[in-house]
Amino acid sequence: MSPERRLLDGHAHSQWSWDASAGSMFESCRLAVEAGLAGIAFTEHADLTDWLLPEGMSIRPGWERYLNDGTLRLPQLDVENYLASIEECRAQFPQLAILSGVEISEPHWHGDEVAALLAGGRFDRVLSSVHAGKMPGGACEISVLFRQHPAVEVISEYLAEIVRLVETFEVQVLAHIDYAVRYWPRAAGAYDPREFEADYRRALTALAKIDAALEINTRLPLDPLIVHWWVESGGCAITLGSDSHDPATVGHGLAEAAKLARSFGFEPSTDPRSPWRGPSR
């Protein structure tokens, strides 16, 4: 089997994530084995921030059940049953490294709740992410902000929020530093990360100082410039993740992400569960 195929998908969602309606932990594991992956981390959503929905704005199909008086209150992870599902899959797929995990949105805004969630160390991998931004009266999902503010302001503020996250929370892995770019409006012209180099470098430098890992998330191919800036900022760890919400996309883009990581001197550990280490260490 090709070494490039012996990869771990470090960011996947199953039926235990509120927004993964097509999710199936069992099927994700089955297809991961079929694809020749070494492992998979089920980093289920822990979205603790309520999202305001400005009047007149639509929401994605299926999200209506979480809407109450203009606010989306997202259901929380059923930790006990999720972990039971992990153990069932480990028993059924012993050839696959199956990591328990969680993706926490804005953990620096929810100190006590996050501490309670992480108590006991039951998660092998903890992803920290920013999906929301501040607005008058509360917060909203990043995509909404592009309808209210110039695109360049949204990206700059998003990256500034990542700095605040990294400086006030013990980040293990930073998920999708380019999440906001998924919603970049066509009307704003072509997206060029060089316009935000100073913002990216501030975030990456803060992340490198605490020896955390930067995720190469394949939902949107990460611009190689950001990996270059990561190395220049002293970053020495990388993880790869498909951000799959459907078994059919488990492992998507990982081979390309691995080639990108290797082109900057990152190499996988002998243990697929561990982040890739780079030239700074």
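Scroll up to find the structure this text is about.
Residues numbered from 1 in each chain as written. Predicted model: local features only at pLDDT ≥ 70, side-chain atom pairs only at ≥ 80, totals over all residues. Heavy atoms only, no water.

Engineer: Can you walk me through the overall build of the protein chain in this structure?
Structural biologist: Tallying secondary structure elements over the protein chain gives eight helices and 13 strands in all. By the compact-globule yardstick of 19 Å for 281 residues, the protein chain fits well, its C-alpha radius of gyration being 18 Å. Projected onto its principal axes, the C-alpha coordinates of the protein chain cover approximately 50 × 40 × 35 Å. With 281 residues in all, the protein chain has 53% of them scored as buried. In the protein chain, the proportion of contacts linking residues at least 24 apart, taken out of those at least 6 apart, comes to 73%. Total accessible area computed for the protein chain in this model is approximately 12,400 Å², and 51% of it derives from carbon and sulfur atoms. (Helix = DSSP H or I, 4+ residues; strand = E, 2+ residues; numbered from the N terminus. Rg over C-alpha atoms; globule rule 2.2 N^0.38 Å. Buried < 20%, exposed > 50% of the residue type's maximum accessible area, 1.4 Å probe, protein only. Contact = heavy atoms within 4.5 Å. Areas by Shrake-Rupley, 256 points an atom, 1.4 Å probe, with all protein chains shown as cover.)

Engineer: What exactly am I supposed to notice about the state of the cysteines here?
Structural biologist: Simply put, disulfide is the name for a covalent bond between the sulfur atoms of two cysteines. Under the counting rule described, the total for this entry stands at zero disulfides. No disulfide involves Cys-29; its sulfur sits 4.1 Å from that of Cys-89, the nearest cysteine. (Disulfide = S-S within 2.5 Å.)

Engineer: In this structure, what is going on with the packing of aromatic side chains? I would like to understand it.
Structural biologist: The description of an aromatic ring pair rests on the distance of the ring centres and on the angle between the ring planes. Taken as a whole and assessed by the stated rule, the structure comprises eleven aromatic pairs. Aromatic pair Phe-26 and Phe-93: ring centres 5.2 Å apart, planes at 55°, arrangement tilted. Here the residue Phe-26 occupies a position in helix α1 (residues 25-34), and Phe-93 occupies one in the loop between α2 (79-92) and β6 (97-105), the gap between them amounting to 67 residues. Classification of Phe-93 as buried rests on a relative accessible area of 8%. Judged by centre distance (5.6 Å) and plane angle (70°), the rings of Tyr-179 and Tyr-183 are edge-to-face. A network of ring pairs unites the aromatic residues Trp-18, Trp-51, Trp-63 and Tyr-66 as a single cluster. The aromatic ring of Trp-109 is capped on one face by Lys-134, whose charged end is 4.5 Å from the ring centroid. (Phe/Tyr/Trp six-rings, centres within 6.5 Å; stacked < 30°, edge-to-face > 60°. Lys NZ or Arg CZ within 6 Å of the ring centre and 35° of its normal.)

Engineer: Even after reading the chapter, I still don't get α2, so can you show me in this structure?
Structural biologist: Since the α-helix packs 3.6 residues into each turn, any two residues three or four apart lie on the same face. Its 14 residues place the ends of α2 20 Å apart at the C-alpha level, agreeing with the 20 Å of an ideal helix rising 1.5 Å per residue. Turning to α2, its buried residues number three or more, namely Val-79, Tyr-82, Leu-83, Ser-85, Ile-86 and Cys-89. For α2, the angular spread of buried residues about the axis comes to 155°, placing them on one side. Exposed side chains of α2 directed beyond 90 degrees from the buried face belong to Glu-80 and Ala-91. (Expected span 1.5 Å × (residues − 1). Arc of directions from axis to C-beta.)

Engineer: In this structure, what is going on with the sheet that holds strand β4 (residues 67-68)? I would like to understand it.
Structural biologist: Backbone hydrogen bonds hold the strands of a sheet together, and the pairing may be parallel or antiparallel. Spatial strand order, β3-β5-β4: three strands in an open sheet with antiparallel pairing. Both edges of this open sheet fall to β3 (51-52) and β4, since each of them pairs with a single strand only. Pairing analysis gives two bridges linking β4 to strand β5 (residues 71-72), with the strands arranged antiparallel. For Leu-67, the partnering residue across the bridge sits in β5 and is Leu-72. (Pairing = 2+ DSSP bridges.)

Engineer: Before we go on, may I ask you to explain unusual backbone geometry in this structure?
Structural biologist: Keep in mind that most residues, glycine aside, have a negative phi and that most peptide bonds are trans. At Glu-106, a position not held by glycine, the phi torsion is positive, near 50°. The residue Glu-106 is located in the loop between β6 and α3 (111-118) in this model. Residue His-176 is not a glycine yet carries a positive backbone phi of 30°. Here His-176 is to be found in the loop between β10 (173-174) and α6 (197-209). Residue classification places His-176 among the buried positions, given a relative accessible area of 1%.

Engineer: Any chance you could explain the environment of Ile-155 here in plain terms?
Structural biologist: Examined against the element boundaries, Ile-155 turns out to sit in helix α5 (residues 151-168). C-alpha of Ile-155 to C-alpha of Glu-195: the two residues are 40 residues apart in sequence and 10 Å apart in space. Residues within four places of Ile-155 in sequence aside, it is in contact with Phe-146, Ala-180, Val-181, Trp-184, Tyr-191 and Phe-196.

Engineer: Please explain the environment of Leu-145 as it appears in this structure.
Structural biologist: Counting through the fold element by element, Leu-145 comes out in helix α4 (residues 142-145). Taking the C-alpha atoms as reference points, Leu-145 and Pro-107, 38 residues apart in sequence, are found 20 Å from one another. Those residues within four positions of Leu-145 in sequence are excluded, and the remaining contacts are Gly-133, Lys-134, Cys-140 and Val-154.

Engineer: Even after reading the chapter, I still don't get α5, so can you show me in this structure?
Structural biologist: Counted at 1.5 Å a residue, the expected span for α5 with its 18 residues is 26 Å, and the 26 Å between its end C-alpha atoms agrees. The set of residues buried in α5 consists of Ala-151, Val-154, Ile-155, Tyr-158, Leu-159, Glu-161, Ile-162, Val-163, Leu-165 and Val-166. Looking at the packing, one finds that the buried side of α5 touches β7 (125-129), α4, β10 and α6.

Engineer: So what exactly am I meant to see when it comes to the packing of α6 against helix α7 (residues 224-232) here?
Structural biologist: Each pair of packed helices can be described by the angle between their axes along with the distance between the axes. Interhelical geometry of α6 versus α7 gives an angle of 50° and a closest axis separation of 9 Å. Of the possible angle classes, the one that applies to α6 and α7 is oblique. When you trace α6 past α7, the crossing you get is right-handed. On the side of α6, the interface is formed by Glu-197, Tyr-200, Arg-201, Leu-204, Leu-207 and Ala-208, while α7 contributes Ile-226, Trp-229, Trp-230 and Glu-232. (Axes fitted to C-alpha atoms, helices over the stretch in contact; angles between N-to-C directions. Parallel < 35°, antiparallel > 145°, perpendicular 65-115°, else oblique. Left-handed = near helix turned anticlockwise from the far one by under 90°.)

Read these as geometric descriptors, not functional statements.
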